[in-house]
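Observations on the three-dimensional arrangement
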Amino acid sequence: DDKNTGTKLFGNYKYSCNGAAYLSGGHCSVTVNNDGKILMSYHTRFSDSGEAYQTRVHQLVLTENGWLAPLPFEFTDEKAIQSFTKEEISTQYEFVAHGNSTVSTENWSDIDKIVFPTQKITLNSDGSISGIVKYTTDTGNTAVSSEPVEASWNLKTGTPYITFTIGDATYSGVITKQADESYERNEKLVFVAVGDNNECISGVAVNK
């Protein structure tokens, strides 16, 4: 019924390494490997292929407060979740706020209007975040306005646990490394977090 119920793990999105935007992720199943990795299998459509779809598998990670959240890229048997220093992860990221609305369109020429904006943000070494904005959208999820919002981040020393405060919301997350979805499969810092506003955010480092 397109009702906004529960926590939406991700919406329609596109990172620069993706050839097309990923759409309509859903119909998922979850399995746990013998090594403890939690994997989510689901189908996705693409902004350049009409109604055709493919299956994808993403690793789910547990945040410090116990929520499951999907790492941004397809699972490629990556290493165990790693930990980093603040200096190592202070860099620029492609950032997506996935929201909690359910939107659709019957007109493929309007697909770009329902893909969540990818922002360029920077996790500064002083714990502040530069470049993050809050979007206001209409009922079709078309971004109609945006305004800067105060934001900060903090890494729990010796762990992969990262916390974001964006406006009035606090997000509990995990930061690690994954191979991206480019032809070269470049290893990148990535994060995912779940907010107390029932929304997910994710990010991919631009250069690390």
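**What about the overall build of the chain?**
Helix and strand content of the chain: one helix and 14 strands. Looking at the chain residue by residue over its 208 residues, the buried ones come to 43%. Sequence separation of 24 or more characterises 51% of the internal contacts of the chain that already satisfy a separation of 6 or more. Per element, the accessible surface of the chain, about 10,700 Å² overall, is 46% carbon and sulfur.

**Here we look at the environment of Gln178**
Note on placement: Gln178 falls in strand β12 (residues 169–179). Look at Gln178 and you get buried, because its relative accessible area is 1%. The spacing of Gln178 and Lys79 is 99 residues in sequence and 8.2 Å in space, taken between C-alpha atoms. Ignoring sequence-local partners within four residues, the contact set of Gln178 consists of Leu71, Pro72, Phe73, Glu74, Glu78, Asn186, Glu187, Lys188 and Val190.

**Things to note about the pattern of salt bridges**
According to the stated counting rule, one finds five salt bridges in the structure shown. Between Arg56 and Glu74 there is a salt bridge, and its shortest N-O distance comes to 3.9 Å. Here Arg56, found in strand β3 (residues 53–62), pairs with Glu74, found in the loop between β4 (68–70) and α1 (86–89); they are 18 residues apart in sequence, far enough to count as distant. Classification of Arg56 by relative accessible area gives buried; the value is 11%. The exposure class of Glu74 is partly exposed, given its relative accessible area of 22%. Salt bridges sharing common partners tie together Arg56, Glu74 and Arg185.

**Looking at the side chain of Gln178**
A distance of 3.0 Å separates the side chain of Gln178 from the backbone oxygen of Phe73, its partner in a polar contact. Within the structure, the side chain of Gln178 is placed 3.2 Å from the side chain of Glu78, a separation counted as a polar contact.

**Observations concerning the nonpolar core**
Counting residues in hydrophobic clusters, the biggest one holds 23 residues, and the most contacted among them are Tyr13, Tyr15, Tyr42 and Phe73. For this core, the secondary structure elements donating two or more residues are β2 (38–46), β3, β13 (187–195) and β14 (200–205). A per-element tally of this core places β2 first, with four residues. The contact partners of Tyr13, leaving out residues within four places of it in the chain, are Asn18, Ala21, Tyr22, Tyr42, His58, Pro72, Val96, His98 and Val115. Phe164, Tyr171, Leu189 and Phe191 belong to the second-largest nonpolar core, a separate cluster that totals 22 residues.

**Overview of the sheet that holds β4**
Within the open sheet, the four strands sit side by side as β1-β2-β3-β4. Their pairing is antiparallel. Each of the sheet's edge strands pairs with one partner strand only, and the pair in question is β1 (22–32) and β4. Within this sheet the neighbouring strands show an average axis-to-axis angle of 35°, counted without direction. In this sheet, β3 lies alongside β2 in antiparallel orientation, the contact comprising eight bridges. The residue bridging His43 from the neighbouring strand is Thr55, located in β3.

**A short note on the sheet that holds strand β10 (residues 151–155)**
With antiparallel pairing, the eight strands of this open sheet are ordered in space as β7-β6-β5-β14-β13-β12-β11-β10. Each edge of the sheet is formed by a strand with only one pairing partner; in this case those strands are β7 (129–130) and β10.

Scoring rules and cut-offs
Residues numbered from 1 in each chain as written. Predicted model: local features only at pLDDT ≥ 70, side-chain atom pairs only at ≥ 80, totals over all residues. Heavy atoms only, no water. Helix = DSSP H or I, 4+ residues; strand = E, 2+ residues; numbered from the N terminus. Buried < 20%, exposed > 50% of the residue type's maximum accessible area, 1.4 Å probe, protein only. Contact = heavy atoms within 4.5 Å. Areas by Shrake-Rupley, 256 points an atom, 1.4 Å probe, with all protein chains shown as cover. Salt bridge = Lys/Arg side-chain N within 4 Å of Asp/Glu carboxyl O. Polar contact = N/O pair within 3.5 Å; in protein donor to acceptor, adjacent residues only side chain to side chain. Core = buried A, V, L, I, M, F, W, Y, C linked by side-chain atoms within 4.5 Å. Pairing = 2+ DSSP bridges. Axes fitted to C-alpha atoms, helices over the stretch in contact; angles between N-to-C directions.

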